[in-house]
Amino acid sequence: DTGVSQNPRHKITKRGQNVTFRCDPISEHNRLYWYRQTLGQGPEFLTYFQNEAQLEKSRLLSDRFSAERPKGSFSTLEIQRTEQGDSAMYLCASSQGNRAEGTDTQYFGPGTRLTVL
Amino acid sequence: GENVEQHPSTLSVQEGDSAVIKCTYSDSASNYFPWYKQELGKGPQLIIDIRSNVGEKKDQRIAVTLNKTAKHFSLHITETQPEDSAVYFCAARNLNSGGYQKVTFGTGTKLQVIP
């Protein structure tokens, strides 16, 4: 399977704990995105990497959230001191950044569902 | 920033009938409009997209139309099948802006195809 993969698929944690999610993008894609999706809503942009550089962060990404892409391949999203409001599906997407293609299509992973008790 | 509205939020059709989902966007600079299908427990999957220099695009039973003047675009699914049941999201993006071109999603339409 050469699509975007995310681990774990589900995470249940107690309020106040730290959690870390991993995303492995499609291998030739240089752009990587994190989104958050709550029930009944579309994905909301959190942050974006071009290779290893984090170029954009949403105001939704509070100080408790941090994302890294150390070698320009996989990425991790960490949430510190989790709150019940953090419960959501966290989606990762990647794209090739091919301007010539004219669309820069984003391909999504299956997501990590976080439940904070 | 961009705001995308999507209607209806739920849609039930009989198998074989057509389904239409409509979206409006606010930023006239948006020039790329993808549609995603999300099945239960999975991430969104691109099903069709359209650029602003095209008014209509078709791929088998799926078509998308775009009215730039009115800033709305629609997804049309003909001869619906039970496997079309899913949540559909429209989105808008400005591919020409510098830096990151944010994708703004609609709130989704839950389509149920009744056998």
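Okay, so let's go over this structure. (Residues numbered from 1 in each chain as written. Chains lettered and ligands numbered in written order. Predicted model: local features only at pLDDT ≥ 70, side-chain atom pairs only at ≥ 80, totals over all residues. Heavy atoms only, no water.)

1. Some thoughts on unusual backbone geometry
Here the amide bond leading from Asn7(A) into Pro8(A) is cis, since omega sits at -10°, within 30 degrees of zero. Tracing the backbone through its elements, the reader meets Pro8(A) in the loop between strand E1 (5-7) and strand E2 (10-13). With a phi angle near 50°, Arg81(A) is a residue other than glycine that sits in the positive phi range. The topology assignment puts Arg81(A) in the loop between strand E8 (75-79) and strand E9 (88-95). A relative accessible area of 47% places Arg81(A) in the partly exposed class. Of note in this structure, Lys71(B) is not a glycine but carries a positive phi near 55°. The class for Lys71(B) is partly exposed, based on a relative accessible area of 25%. (Helix = DSSP H or I, 4+ residues; strand = E, 2+ residues; numbered from the N terminus. Buried < 20%, exposed > 50% of the residue type's maximum accessible area, 1.4 Å probe, protein only.)

2. Here we look at the pairing of strand E8 (residues 72-77) of chain B
Residues and elements named next belong to chain B. As paired elements, strand E3 (residues 19-25) and E8 share 6 bridges and run antiparallel to each other. Across the sheet, alanine 19 pairs through a bridge with isoleucine 77, a residue of E8. As paired elements, strand E7 (residues 62-67) and E8 share 6 bridges and run antiparallel to each other. Paired with threonine 65 across the strands is serine 74, a residue of E8. Turn length for the E7-E8 hairpin, with the two strands adjacent in sequence and antiparallel, is 4 residues, and the turn residue lysine 71 shows positive phi of about 55°. (Pairing = 2+ DSSP bridges.)

3. Focus: the interface of chain A and chain B
Interface extent is often summarised as the accessible area lost during association of the parts. Taken residue by residue, the interface counts 22 residues in chain A and 23 residues in chain B. Here chain A and chain B share an interface that buries about 1,700 Å² over both sides, 52% of which is from carbon and sulfur atoms. Here chain A is connected to chain B by 0 salt bridges. The interface formed by chain A and chain B contains 3 residue pairs in polar contact (both at pLDDT 80 or more). For the side of chain A that touches chain B, the secondary structure elements donating two or more residues are strand E4 (31-37) and strand E5 (44-50) of chain A. Looking at which element gives the most residues to the side of chain A that touches chain B, the answer is E4(A), with 4 residues. (Contact = heavy atoms within 4.5 Å. Buried area = accessible area lost by both parts, 1.4 Å probe. Salt bridge = Lys/Arg side-chain N within 4 Å of Asp/Glu carboxyl O. Polar contact = N/O pair within 3.5 Å; in protein donor to acceptor, adjacent residues only side chain to side chain.)

4. Notes on the layout of surface pockets
Quantified by volume, the largest pocket comes out at close to 700 Å³. Taken together, 30 residues form the lining of the largest pocket, with Leu39(A), Gly40(A), Gln38(B), Leu40(B) and Val87(B) sitting closest to its centre. Elements with a contribution of two residues or more to the lining of the largest pocket: E9 and strand E11 (112-116) of chain A together with strand E9 (86-92) and strand E11 (109-114) of chain B. Counting residues per element, the lining of the largest pocket draws most heavily on E11(B), at 4 residues. Class assignment of the residues belonging to the lining of the largest pocket gives a composition of 10 nonpolar, 15 polar and 5 charged. Its boundaries defined by the atoms lining it, the second largest pocket holds a volume of some 440 Å³. Around the second largest pocket sit 20 residues that line it, and Pro43(A), Glu44(A), Phe45(A), Lys102(B) and Thr104(B) are the ones nearest its centre. (1 Å grid on protein atoms, 1.4 Å probe; cavity = no way out; pocket = protein on both sides within 12 Å on 5 of 7 lines; lining within 4 Å. Points joined across faces, edges and corners; volume = space filled by probe spheres on them. Nonpolar A, V, L, I, M, F, W, Y, C, P; charged D, E, K, R; others polar.)

5. Quick word on the state of the cysteines
Residues and elements named next belong to chain A. Summed over the entire model, instances satisfying the criterion amount to 2 disulfides over all chains. The disulfide partner of cysteine 23 is cysteine 92, and the S-S distance across this bridge is 1.8 Å. Between cysteine 23 and cysteine 92 the sulfur-sulfur dihedral comes to about -65°; the bridge is accordingly left-handed. With cysteine 23 in strand E3 (residues 19-24) and cysteine 92 in strand E9, this residue pair connects regions lying 69 residues apart in the sequence. (Disulfide = S-S within 2.5 Å.)

Without other data, these values stay purely geometric and don't point to any function.
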